[in-house]
Amino acid sequence: MTIFADDVISGVTRHMNGDHAGDNLLIAQAFGYPEATESTMVGVTDAAGQWRVTDPAGEHELSVSWPNGPISERPQIRSAVVELYQAACAKLGVPAREEHQAPTAATTAPHGEHGAHAHAHGKQADAAQSDAAQGTEDRPFSVVIRESSWSDHSDSEGATFMEDIMRGKGSLQDYIDLVAQHFFMYEALEAAADRVASDPDFSGFHAPALVRLPALEADLAHLIGADWRERIVAAPATAAYAARISEVAAEGWVAGVVAHHYTRYLGDLSGGQYIAKRVAKQHDLPSAGVEFYDFTELGDLAEFKNQYRAALDVLGTRLDEAERARMLDEVRTAYAFNTAVFRDLGQAKLAA
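For clarity, every value in this text was computed on a predicted model and none was experimentally measured.

**With respect to the confidence of the model for the chain**
Atom-level detail of predicted coordinates should not be read off regions where pLDDT is low. Across the chain, the average pLDDT comes to 84, with 85% of residues at 70 or higher. For the chain, helix α4 (residues 105–108) is the element with the lowest average pLDDT, namely 35, and helix α11 (residues 236–251) is the one with the highest, namely 98. Note on residues 102–136: pLDDT under 50 across the span, and 88 contacts to partners over four residues away in sequence or across chains.

**A word on helix α1 (residues 6–19)**
The end-to-end C-alpha distance of α1, which contains 14 residues, comes to 20 Å, matching closely the 20 Å that a straight helix rising 1.5 Å per residue would cover. Within α1, 13 of the 14 residues are buried, leaving the element largely enclosed by the surrounding structure.

**Description of the environment of Glu330**
Examined against the element boundaries, Glu330 turns out to sit in helix α15 (residues 321–351). The exposure class of Glu330 is buried, given its relative accessible area of 0%. A C-alpha to C-alpha distance of 9.6 Å links Glu330 and Val248, two positions 82 residues apart in sequence.

**Concerning empty space enclosed by the protein**
Tallying each qualifying case throughout the model produces 2 cavities of 30 Å³ or more. The space that makes up the largest cavity amounts to roughly 350 Å³. In terms of lining residues, the largest cavity is bounded by 24 residues, among which Arg14, Met162, Gly267, Asp268 and Ile275 are the most central. Looking at the lining of the largest cavity, the elements that each hand over two or more residues are α1, α7 (161–166), α12 (254–269), α13 (271–283) and α15. Take the lining of the largest cavity: its biggest share by element is 7 residues, from α1.

The rules behind each value
Residues numbered from 1 in each chain as written. Predicted model: local features only at pLDDT ≥ 70, side-chain atom pairs only at ≥ 80, totals over all residues. Heavy atoms only, no water. pLDDT = per-residue confidence, 0-100. Helix = DSSP H or I, 4+ residues; strand = E, 2+ residues; numbered from the N terminus. Contact = heavy atoms within 4.5 Å. Expected span 1.5 Å × (residues − 1). Buried < 20%, exposed > 50% of the residue type's maximum accessible area, 1.4 Å probe, protein only. 1 Å grid on protein atoms, 1.4 Å probe; cavity = no way out; pocket = protein on both sides within 12 Å on 5 of 7 lines; lining within 4 Å. Points joined across faces, edges and corners; volume = space filled by probe spheres on them.

In structure tokens form, the structure reads like this:
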């Protein structure tokens, strides 16, 4: 029996819940819960993928075996998930997305760790990451970005912090600590968005209803008290993350700002919605405690995400190959910073 490292599982589930929420739902509807309304991937084993599913009868745990049998290597996870998605589409009689209609070497090759950028871990992108940047003119750029964001981290210590929150195992203090780190992240990110707002290449990305700082301030006031600003501290990884965002913005590098913008907001609009429901239910929080995840003003979230991805596709047509590769690298950098923040929070919790 193969046991995948916690950080590998965390990376896969974060990717699926952030960029493939619809796929999760299809899998749940095809393999046990046809009336499912929500489905969140929560685990990976050598034999199966694991989801938490909600339907009119309540909440359920779902384990679905990999179509071609057990797997033993991290690069096989992506192939297994794609095969399961294809099987779900076939079972439900719906067409698979074009990039997943027939697996090829390009779609089943492993993608490297998100920390390829020197500002995250000082490592160079591996051959698979370089391959992801090739041929981007032939496919929608949003698809290329999505496919480049599978993780392969080597240090798992503390990486289960976020998974514990998603599984309902985290404490209220864990959630408060996460909200505090979000404040520092979004303080830098929204300042960066303001800095490049007038650039035509940034058009279509930062809708006013995306702004999160007022919601974070309300959440922190509710969770900590009126003196919350004096009581929160950025974790080392969070401080480095915010510094990188500010550095990209100071350079005036719009594609780099979009890389961080995409990584944060698309996650908030997808897996973040599940986190809000889980935390609110577990800790009996009113809207003020989870206001950060309330994007009601955006309207239909699925439609907004489609529009956002269309804007990514347009941006991709304006960038040359070198610039697209550079942006993909920055996306992996953003993911690496996110993982590092979770690790810092996990280590701080263990040390407390």
